[in-house]
Amino acid sequence: MDTDVVVVGGGSAGLQAALTLGRMRFDVAVVDAGSPSNAPAHAIGGLLGAHDLAPLDLLVRGREQLAELPSVCVIDGEVTHVDSDRTVTLADGTVLAARAVVLATGGDYAFPDIPGAAELWGNSVIHCPFCHGWEVRERRIGVLTASEEHAAQFLPLVQALSRDVEVFEAVAGLRSETGALRAVVLPDGSEVERDVLFVAAPPVPRDAAFVGLALERDDQGLLKIDKFGRTSVEGVYAAGDLVTSPQAVSQAIATGQRAGVGVTRDLTADR
Ligand SMILES: Cc1cc2nc3c(=O)[nH]c(=O)nc-3n(C[C@H](O)[C@H](O)[C@H](O)COP(=O)(O)OP(=O)(O)OC[C@H]3O[C@@H](n4cnc5c(N)ncnc54)[C@H](O)[C@@H]3O)c2cc1C
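Described below are features of the structure shown in this document. (Residues numbered from 1 in each chain as written. Predicted model: local features only at pLDDT ≥ 70, side-chain atom pairs only at ≥ 80, totals over all residues. Heavy atoms only, no water.)

Concerning the overall build of the chain
- If you tally the helices and strands in the chain, you get 6 helices and 16 strands.
- Computed over its C-alpha atoms, the radius of gyration of the chain comes to 20 Å, within 12% of the 18 Å expected for a compact globule of 271 residues.
- Along the first, second and third principal axes, the C-alpha set of the chain runs to 65 × 35 × 35 Å.
- Taking all 271 residues of the chain together, the buried fraction comes to 49%.
- Total accessible area on the chain is roughly 13,500 Å²; 50% of this is exposed by carbon and sulfur atoms. (Helix = DSSP H or I, 4+ residues; strand = E, 2+ residues; numbered from the N terminus. Rg over C-alpha atoms; globule rule 2.2 N^0.38 Å. Buried < 20%, exposed > 50% of the residue type's maximum accessible area, 1.4 Å probe, protein only. Areas by Shrake-Rupley, 256 points an atom, 1.4 Å probe, with all protein chains shown as cover.)

Below is the structure:
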């Protein structure tokens, strides 16, 4: 199938890019595997106008908005390969040929492998003071430091949220009740009661489908883009967690818009 633009990934960044492009009447196919990184979180924190909105509800609203644009379609599926000629292959064998590709696949957040952490991830085990800090203000906060540098950058932020902050360098496990953290278990078996544990969780780009493009990256591994979302390969644009730090839904939306505008400028200049 031929189309103007394929957007790979339908999280906040990809849906925003598609919205911008659809409103400019381009044919857009969004391919989305349906696993945004923030899905485990109860609500999106710190996004203007979205108080207490669940992450998946924002994307449902986004898809509803896109459904009103006749030139945009959303395909539930996984992209397995993106070629430098902008041919996009899906896991079911579908091949899409596009004039431009927007990469918006996000990242997998590598939180520490502590027994009990996976069940609490995104709610009582969290990584981002700006996302979840307000909700846990003045609670019993733990911080698991990953390095001296992490501690130096992170502790002042968390101490702005609560006076009850305990720092851990090693944690053996977590005890929870009804889906909420109750205590941090130390290597000697003793417990420290905590309501929430902040951890380092750097996002690892979900780039398996396009690693062959050898896109230029910065020293943090983020894809290098210009102010219109263009990567180092012509016709390939990127947005969201692939290109931004610190990561946030607001940043994903902003960079999705930038990529949408960039594609629009380049494709209309071709006419
Ligand atoms: C637990 C957690 C909680 C967070 N809480 C907040 C918060 O409260 N406030 C805030 O501002 N930010 C929060 N963030 C950060 C925020 O979620 C991200 O910055 C934002 O989701 C990035 O948007 P994105 O579109 O780049 O990626 P994502 O939202 O991860 O969306 C990427 C989409 O692409 C799809 N995809 C990936 N690979 C492929 C492929 N090969 N083919 C097709 N589709 C693919 C995925 O399935 C997914 O649907 C949180 C992050 C985490 C991990």
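Observations concerning the sheet that holds strand β11 (residues 173–177)
- Taken together, 3 strands build an open sheet; the order of strands is β11-β12-β13 and the sheet is antiparallel. If you trace the sheet from one side to the other, it starts and ends with β11 and β13 (191–193), each paired once. For this sheet, the mean inter-axis angle between neighbouring strands, taken without regard to orientation, is 35°. (Pairing = 2+ DSSP bridges. Axes fitted to C-alpha atoms, helices over the stretch in contact; angles between N-to-C directions.)

Re the site of the ligand
- The local shell around the ligand holds 36 residues, among which Asp 32, Ser 35, Gly 45, Asp 241 and Val 249 are the closest.
- Here a nitrogen atom of the ligand and a backbone polar atom of Ala 33 are 3.0 Å apart.
- At 3.5 Å, a backbone N or O of Pro 36 approaches an oxygen atom of the ligand.
- Of all the elements in the fold, those that place two or more residues in the shell around the ligand are α1 (12–23), β2 (28–32), α4 (129–132) and α6 (249–270).
- Along the lines of polarity and charge, the residues of the shell around the ligand split into 15 nonpolar, 17 polar and 4 charged. (Near = heavy atom within 4 Å. Polar contact = N/O pair within 3.5 Å; in protein donor to acceptor, adjacent residues only side chain to side chain. Nonpolar A, V, L, I, M, F, W, Y, C, P; charged D, E, K, R; others polar.)

Comments concerning the nonpolar core
- Ranked by internal contacts, the top residues of the largest apolar core, which has 24 residues, are Val 5, Val 28, Val 102 and Val 263.
- Counting only elements with at least two residues in this core, the list comes to β1 (2–8), α1, β2, α2 (55–67), β6 (95–103) and α6.
- If one sorts the elements of this core by residue count, α1 sits on top with 6 residues.
- Excluding anything up to four places from it in sequence, Val 263 contacts Val 5, Leu 21, Ala 100, Val 102 and Tyr 237.
- Within the second largest apolar cluster, 22 residues are counted, among which are Val 8, Val 31, Ala 98 and Leu 242. (Core = buried A, V, L, I, M, F, W, Y, C linked by side-chain atoms within 4.5 Å. Contact = heavy atoms within 4.5 Å.)

Quick notes on the pairing of β1
- With respect to burial, β1 is a largely interior element, 6 of its 7 residues being buried.
- Sheet topology note: the β1/β2 ladder contains 4 bridges and is parallel. Residue Val 6 lies in a different strand from β2, and its bridge partner there is Ala 29.

Here's the deal with the pattern of salt bridges
- Taken as a whole and assessed by the stated rule, the structure comprises 15 salt bridges.
- The salt bridge partner of Arg 63 is Asp 76, with a shortest N-O separation of 2.9 Å. Of this pair, Arg 63 sits in helix α2 while Asp 76 sits in strand β3 (residues 72–76), placing them 13 residues apart in sequence.
- Residue class for Asp 76 comes out exposed when judged on its relative accessible area of 60%.
- Its salt-bridge partner being Glu 193, residue Arg 140 comes within 2.9 Å of it at the nearest N-O pair. In this pair, Arg 140 is assigned in the loop between α4 and β9 (141–144) and Glu 193 in strand β13, connecting sequence segments 53 residues apart.
- Here the salt bridges do not stand alone but share partners, grouping Arg 139, Arg 140, Glu 193 and Asp 195 into one network. (Salt bridge = Lys/Arg side-chain N within 4 Å of Asp/Glu carboxyl O.)

A look at the side chain of Asp 241
- Here Asp 241 lies in the loop between β16 (236–238) and α6.
- In this structure the side chain of Asp 241 is engaged in a polar contact, spanning 2.5 Å, whose partner is the side chain of Tyr 109.
- Dropping the residues within four chain positions of it, Asp 241 is found in contact with Ser 37, Gly 106, Gly 107, Tyr 109, Leu 222, Gln 247 and Ala 248.

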